[in-house]
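As a plain string of letters, each chain reads:
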Amino acid sequence: QVQLVESGGGLVQPGGSLSLSCAVSISSFMIDVMGWYRQAPGKQREVVADITYGGSTNAAVSVKGRFTISRDNAKNTVSLQMNSLKPKATAVYYCHVHTTWGYDYWGQGTQVTVSS
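The structure reproduced in this document is the subject of the present report. (Residues numbered from 1 in each chain as written. Predicted model: local features only at pLDDT ≥ 70, side-chain atom pairs only at ≥ 80, totals over all residues. Heavy atoms only, no water.)

1. As for the nonpolar core
Inference 1: Among the nonpolar cores identified, the biggest contains 31 residues, and V24, W36, L80, M82 and Y93 are the most heavily contacted of them.
Inference 2: At the level of secondary structure, the elements contributing two or more residues to this core comprise β3 (18-24), β4 (31-39), β5 (46-52), β7 (67-72), β8 (77-82), β9 (91-99) and β11 (110-114).
Inference 3: Those residues in contact with L80, other than ones at most four positions away along the chain, are L18, S19, L20, W36, V48, A49, F67, T68, I69 and Y93. (Core = buried A, V, L, I, M, F, W, Y, C linked by side-chain atoms within 4.5 Å. Buried < 20%, exposed > 50% of the residue type's maximum accessible area, 1.4 Å probe, protein only. Helix = DSSP H or I, 4+ residues; strand = E, 2+ residues; numbered from the N terminus. Contact = heavy atoms within 4.5 Å.)

Dropping the structure here:
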C-alpha cells in the first residue's frame, strides 16, 4: 500500500507564504510524476503543479511565478512553496503520485486558507 502524508497547510493572510510537503512510502525511482492538486468548495479538483523524476516541472498558469514545486528523490518527498497567496488559493491541497507501473495515489489532503 502506497502512503502519502502531507503537512504544512494552515491559515495565512493574503500576500503571505506557505510551504506544503508530502512524504511518500515508496522509493522515488518508482514514481514518474509527483504533484499537487487542489479542490476549492464547489469546484473540481485541479492540478497546481507537478514534477518528473528528472526534475521537469509544470505549473498552472494561475500560479506560475508564485508557486514552486520541488522534489527530493533521496527523501521521497515533494514540496510546494507558495508565495504571494491570494484568497482564491483557498482549497484542500492534495499530494499526488503517478507510479512507473501506471497507478495513481493520493494523499488525504491538507487545508490551505488565505484570509485576512
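Structure shown, so let's carry the discussion forward.
2. A short note on the pairing of β4
Inference 1: Relative to β9, β4 runs antiparallel, the two being bridged by 8 bridges. In the sheet register, Q39 faces β9, and the bridge partner there is V92.
Inference 2: Bridging between β4 and β5 involves 6 bridges; their strand directions are antiparallel. Bridge pairing in β5 places Y37 opposite V47.
Inference 3: The hairpin turn running from β4 into β5, its antiparallel successor, is 6 residues long, and G42 in that turn takes a positive phi close to 75°. (Pairing = 2+ DSSP bridges.)

3. Brief notes about the packing of aromatic side chains
Inference 1: Under the criterion given, the structure shown has 2 aromatic pairs.
Inference 2: For the ring pair Y103 and Y105, a centre distance of 6.4 Å and an interplane angle of 40° mean the geometry is tilted.
Inference 3: With relative accessibility at 17%, the residue Y105 sits in the buried group.
Inference 4: The ring centre of Y94 lies 3.7 Å from the NZ or CZ of R45, which sits over that ring.
Inference 5: Across the ring face of W106, the terminal group of R45 is positioned such that the distance to the ring centre comes to 4.7 Å. (Phe/Tyr/Trp six-rings, centres within 6.5 Å; stacked < 30°, edge-to-face > 60°. Lys NZ or Arg CZ within 6 Å of the ring centre and 35° of its normal.)

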